[in-house]
Number of protein chains: 2
Amino acid sequence: MSGVRAQQKEKTRRLLIDAALSQLSAERSFSSLSLREVAKEAGLAPTSFYRHFTDMDELGLTLVDEAGLTLRQLMRQARQRIAKGGSVIQISVETFMELIESNGNVFRLLLRERSGTSAAFRAAVIREIRYFTMELRDYLQQANDLDAEVAFMQANAAVTIVFSAGSDALDIDDKYERELLSKQTIQQLRFIARGAAELSARRKAARNAK
Amino acid sequence: MSGVRAQQKEKTRRLLIDAALSQLSAERSFSSLSLREVAKEAGLAPTSFYRHFTDMDELGLTLVDEAGLTLRQLMRQARQRIAKGGSVIQISVETFMELIESNGNVFRLLLRERSGTSAAFRAAVIREIRYFTMELRDYLQQANDLDAEVAFMQANAAVTIVFSAGSDALDIDDKYERELLSKQTIQQLRFIARGAAELSARRKAARNAK
DNA sequence: AAATACAGTGTACACATGTACGCTTAAATT
DNA sequence: AATTTAAGCGTACATGTGTACACTGTATTT
């Protein structure tokens, strides 16, 4: 009942997952990975792959799930830092940029599969990003006392901007340039926050005038 | 000298380009296209491909160039419409959305190869988008009398938002939902414009106070 | 009119891919 | 202790791939 066997199976399953993740890079997308390559990297015979996943697609969806997990950890981390005080926007961007630096491949996976070729993948990625967006919306709505729709539009725009900046950051080696990018991103988020606050206030005034 | 031969060659070259373009879809990315498939679609023997391109990569870069051309046509069209009066932001978004509807595959190519696997492709796409961004920056700077850096940040954010919305639009069939997306996008662009105008004004005030 | 260049063809090859199938070996169940 | 289950392996095969090479026929040049 202890499950020596199940335990071992889980272990090689992880081997496959890690093998796939480690092969991702700027030059290598998940869809360009072959079942045989992944199996080889994991130290398995090609046919052993099937004991764990029916498909490369199934492995891919598992990776997307992992990426979503990483994203949620990021949020928690950012929230902790924010609780200690400081500019919310700045802390968020900096936390995000750290994630990119340490988990570039996971992030690349999300970015690529978002506009990728498999409907299942796209749906999975979009779900993770939407979850992220909704969390941010709730936070904004509460923290800044915003109109619900306005909060959503702000959250949506902010996530778009940050993800795009993250994508750019992946291609930048120079530390100074990266910082410049961060600063610009922060400024752009402030633009959005400013516009959103104003619209929300205007809507509220209109409601009260009734 | 008339070049019956060169003319014919150009013709089949186009055949290859069009074959590749027509095979792109939501389910099919350029990188998943094989040389043989493209040649077959064009009605050529596989080896004839080499008379026109050394590589699939070379064909791909040609497609990116075409996409850039389309983008520039878009800008011209938007400018013409703007000259006739109306909200600049609204007209721009609507024009862009029309492009997406009529040239979805070309646009998909840009989106995908931007975070794609080939450095050459990425560079080419980024160049096209940067050109687009710079044009917008110049326009904003002049039309709204903005600080140069602020104009750039606004242009950059706006392009990001619009491209992201375009990517979303590709997956939406429902006409009503698409309109909703357009409206949200317009609103988001206004957020950004508002924040940018404010920062620019603040910077100018600071300069004059000296 | 003769010679040349060259777009397009067909054959051929080495290679990588996914996966079907039967085997081995050790854990789990009876 | 005997039986069953299942993870992992090796072999094998059909299929798709890029491309080398020798060819044909015709527009172009000489």
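Residues numbered from 1 in each chain as written. Chains lettered and ligands numbered in written order. Predicted model: local features only at pLDDT ≥ 70, side-chain atom pairs only at ≥ 80, totals over all residues. Heavy atoms only, no water.

Re the overall build of chain A
Point 1. A count of helical and extended segments in chain A gives eight helices and zero strands.
Point 2. Dimensions of chain A, computed from C-alpha atoms along their principal axes, come out at roughly 70 × 45 × 35 Å.
Point 3. By residue count, 46% of the 210 residues in chain A fall in the buried class.
Point 4. Charge-centre separation for chain A: the mean point of 31 positive side chains lies 5 Å from the mean point of 27 negative side chains. (Helix = DSSP H or I, 4+ residues; strand = E, 2+ residues; numbered from the N terminus. Buried < 20%, exposed > 50% of the residue type's maximum accessible area, 1.4 Å probe, protein only. Lys, Arg positive; Asp, Glu negative; His and termini not counted. Charge placed at Lys NZ, Arg CZ, Asp CG, Glu CD.)

Section: the domain arrangement of chain A
Interfaces are often sized by the accessible area lost when the parts come together.
All names here are of chain A.
Point 1. If you check the domain split of chain A, you get domain 1 (1–53) and domain 2 (56–209).
Point 2. One C-alpha centre belongs to domain 1, the other to domain 2, and the line joining them spans 30 Å.
Point 3. Each partner contributes to the interface: domain 1 provides 19 residues, whereas domain 2 provides 14 residues.
Point 4. In this assembly, domain 1 packs against domain 2 so that about 1400 Å² is buried in total across both faces, 70% of it on carbon and sulfur atoms.
Point 5. In terms of surface lost to domain 2, no three residues of domain 1 exceed Leu 21, Phe 30 and Phe 53, which account for 41% of the buried area on that side. (Domains from an automatic or database assignment. Contact = heavy atoms within 4.5 Å. Buried area = accessible area lost by both parts, 1.4 Å probe.)

Examining the protein's contact with DNA strand C
Point 1. Around DNA strand C sit 19 residues in total, of which A:Arg36, B:Arg5, B:Ser48, B:Arg51 and B:His52 are the nearest.
Point 2. In DNA strand C, atoms within 4 Å of the protein come 46% from sugar and phosphate.
Point 3. Separating a phosphate oxygen of DNA strand C from a side-chain N or O atom of B:Lys9 is a distance of 3.4 Å.
Point 4. B:His52 is positioned with one of its side-chain polar atoms (N or O) 2.6 Å from a phosphate oxygen of DNA strand C. (Near = heavy atom within 4 Å. Polar contact = N/O pair within 3.5 Å; in protein donor to acceptor, adjacent residues only side chain to side chain.)

Looking at helix H3 (residues 56–83) of chain A
Point 1. Given a rise of 1.5 Å per residue, 28 residues ought to cover 40 Å, and the 41 Å separating the end C-alpha atoms of H3(A) matches this to within 8%.
Point 2. Following H3(A) by one or two positions, A:Gly85 adopts a phi angle in the positive range, close to 95°. (Expected span 1.5 Å × (residues − 1).)

Topic: the packing of aromatic side chains
Residues and elements named next belong to chain A.
Point 1. Per the stated rule, a full pass over the model turns up 14 aromatic pairs over all chains.
Point 2. Ring centres of Phe 96 and Phe 163 lie 5.4 Å apart, and the angle between their planes is 45°; this geometry places the pair in the tilted category. Here the residue Phe 96 occupies a position in helix H4 (residues 88–102), and Phe 163 occupies one in helix H7 (residues 148–170), the gap between them amounting to 67 residues. For the pair Phe 96 and Phe 163, one class covers both residues: buried. (Phe/Tyr/Trp six-rings, centres within 6.5 Å; stacked < 30°, edge-to-face > 60°.)

Brief notes about the layout of surface pockets
Point 1. Here the largest pocket defines a volume of roughly 960 Å³.
Point 2. What lines the largest pocket is a set of 35 residues, among which A:Arg114, A:Ile126, B:Ser164, B:Ser167 and B:Asp168 lie closest to the centre.
Point 3. When residues of the lining of the largest pocket are traced back to their parent elements, those giving at least two are helix H5 (104–114), helix H6 (119–144) and H7 of chain A together with helix H5 (104–114), helix H7 (148–170) and helix H8 (175–209) of chain B.
Point 4. The element that contributes the greatest number of residues to the lining of the largest pocket is H7(A), accounting for eight residues.
Point 5. Residue composition of the lining of the largest pocket, grouped by class: 13 nonpolar, 12 polar and 10 charged.
Point 6. What the second largest pocket holds in volume is close to 660 Å³.
Point 7. Only H7 and helix H8 (175–209) of chain A together with helix H6 (119–144) and H7 of chain B provide two or more residues apiece to the lining of the second largest pocket.
Point 8. Considered class by class, the residues forming the lining of the second largest pocket number nine nonpolar, six polar and six charged. (1 Å grid on protein atoms, 1.4 Å probe; cavity = no way out; pocket = protein on both sides within 12 Å on 5 of 7 lines; lining within 4 Å. Points joined across faces, edges and corners; volume = space filled by probe spheres on them. Nonpolar A, V, L, I, M, F, W, Y, C, P; charged D, E, K, R; others polar.)

Observations regarding the protein's contact with DNA strand D
Point 1. Around DNA strand D, the surrounding shell holds 19 residues, and the nearest of these are A:Ala45, A:Ser48, A:Arg51, A:His52 and B:Arg36.
Point 2. When atoms of DNA strand D within 4 Å of the protein are split into backbone and base, the sugar-phosphate part holds 49%.
Point 3. Residue A:Lys9 places a side-chain N or O atom 3.0 Å away from a phosphate oxygen belonging to DNA strand D.
Point 4. With respect to DNA strand D, the side chain of A:Thr47 contributes an N or O atom lying 2.8 Å from a base oxygen.
Point 5. Sorting the residues of the surface near DNA strand D by element identifies helix H1 (4–23) of chain A together with helix H1 (4–23) and helix H2 (35–41) of chain B as the ones contributing at least two each.
Point 6. Looking at the surface near DNA strand D residue by residue, the classes come out as five nonpolar, seven polar and seven charged.

Focus: the nonpolar core
In a soluble, globular protein the nonpolar side chains are often hidden away together inside.
Point 1. Ranked by size, the top nonpolar core spans 112 residues in total, and within it A:Phe30, A:Leu59, A:Phe163, B:Phe30, B:Leu59 and B:Phe163 carry the most contacts.
Point 2. Counting residues per element, this core draws most heavily on H7(A), at 12 residues.
Point 3. Setting aside anything within four residues of it in sequence, one finds A:Phe163 in contact with A:Leu71, A:Phe96, A:Phe107, A:Leu111, A:Ile129 and A:Phe132. (Core = buried A, V, L, I, M, F, W, Y, C linked by side-chain atoms within 4.5 Å.)

Things to note about H4(A)
Residues and elements named next belong to chain A.
Point 1. Compared with the 21 Å implied by 1.5 Å per residue over 15 residues, the 21 Å span of H4 between its first and last C-alpha is a close match.
Point 2. All of the buried residues in H4 are Ile 91, Val 93, Thr 95, Phe 96, Met 97, Leu 99 and Ile 100.
Point 3. As for H4, its buried residues are in contact with H3, H5, H7 and H8.

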